[in-house]
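Here is how the chains run, residue by residue.
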Amino acid sequence: MKQQKTYYHIAPVEAIETIKIEGVRCGADKHIYLLTELEAELAPFDITVRIADLLAVSQLGLAEYVLIEIDAKGITSQIKPDLVGESTAAQQKRIRQNLIKPDYIINTM
């Protein structure tokens, strides 16, 4: 199995400056949620969707968001599947980790 080099995290636009300084922090449930891919093909519809666009609205209630690209070296805990029922569940992961340090933020989009 190929080793994942980067992951993606969805954040509110207003949080980006804090994240750049302090890193990505876990939520109240002690997890950080990640994506393995930016896009997914939805079978049997034969369409490609931007995963973050779907999740930002449906799970997070965000009209606008920032996507944070994270170096996998900053993940120090076990990466587990997120327990969701969306068609993009295979690309959704979670880690039980308090912080991903800002040194591991590759890019913000």
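A quick note: this is a predicted structure, and the numbers were derived from the prediction, not measured.

(A) Geometry of the nonpolar core. By size, the foremost hydrophobic cluster in this structure holds 15 residues, and its most contacted members are Val 24, Leu 34, Ile 68 and Ile 100. Residue contributions to this core peak at three residues, all from strand 6 (residues 65–71). Leaving out residues up to four positions away in the same chain, Leu 34 has contacts with Tyr 7, Tyr 8, His 9, Ile 70, Ile 75, Gln 91, Gln 92, Lys 93, Ile 95 and Ile 100. Counting 11 residues, the second-largest nonpolar core is a separate cluster that includes Leu 35, Ala 52, Ala 56 and Tyr 65.

(B) Spotlight on the environment of Glu 64. One can find Glu 64 in the loop between helix 2 (51–58) and strand 6. Note: C-alpha distance between Glu 64 and Leu 35 (29 residues apart in sequence) is 17 Å.

(C) Main features of unusual backbone geometry. If you check the backbone angles, Lys 30 has positive phi at about 70 degrees while not being a glycine. Tracing the backbone shows Lys 30 in the loop between strand 2 (24–25) and strand 3 (32–35). Looking at Lys 30, the relative accessible area reads 41%, which means it is partly exposed.

(D) Focus on the pattern of salt bridges. Within the structure shown, the criterion is met by three salt bridges. The salt bridge involving Glu 22 is made with Arg 25; its shortest N-O contact spans 3.5 Å.

(E) Just the side chain of His 9, in detail. Mapping His 9 onto the fold places it in strand 1 (residues 6–12). Residue class for His 9 comes out buried when judged on its relative accessible area of 12%. Side-chain polar atoms of His 9 contact the backbone oxygen of Tyr 33, separated by 2.8 Å. Excluding residues within four positions of it along the chain, His 9 makes contact with Val 24, Ile 32, Tyr 33, Leu 34, Val 66, Leu 67, Ile 68 and Ile 70.

Criteria and thresholds
Every chain begins its residue count from 1, and numbering advances along the sequence as written. Local features in this predicted model are restricted to residues whose pLDDT is 70 or higher, and side-chain atom pairs enter the listing and the counts only when it is 80 or higher, whereas totals over whole chains, interfaces and linings include all residues. No hydrogens and no water enter the side-chain calculation; it runs on all heavy atoms of the structure. We call a set of buried residues a nonpolar core when its members are Ala, Val, Leu, Ile, Met, Phe, Trp, Tyr or Cys and they connect through side-chain atoms within 4.5 Å of each other. Each residue is placed in one exposure class: buried if its accessible area under a 1.4 Å probe, protein chains only, is under 20% of its type's maximum, exposed if it is over 50%, and partly exposed if it falls in between. The helix and strand labels rest on DSSP assignments: H or I over at least four residues marks a helix, E over at least two residues marks a strand, and numbering proceeds from the N terminus. By definition, residues are in contact when any of their heavy atoms lie within 4.5 Å. Any Lys or Arg side-chain nitrogen found within 4 Å of a carboxyl oxygen on Asp or Glu counts as a salt bridge. Here a polar contact is recorded for every N or O atom pair within 3.5 Å, except that within protein the pair must consist of a potential hydrogen donor and a potential acceptor, and residues adjacent in sequence are included only if both atoms are side-chain atoms.

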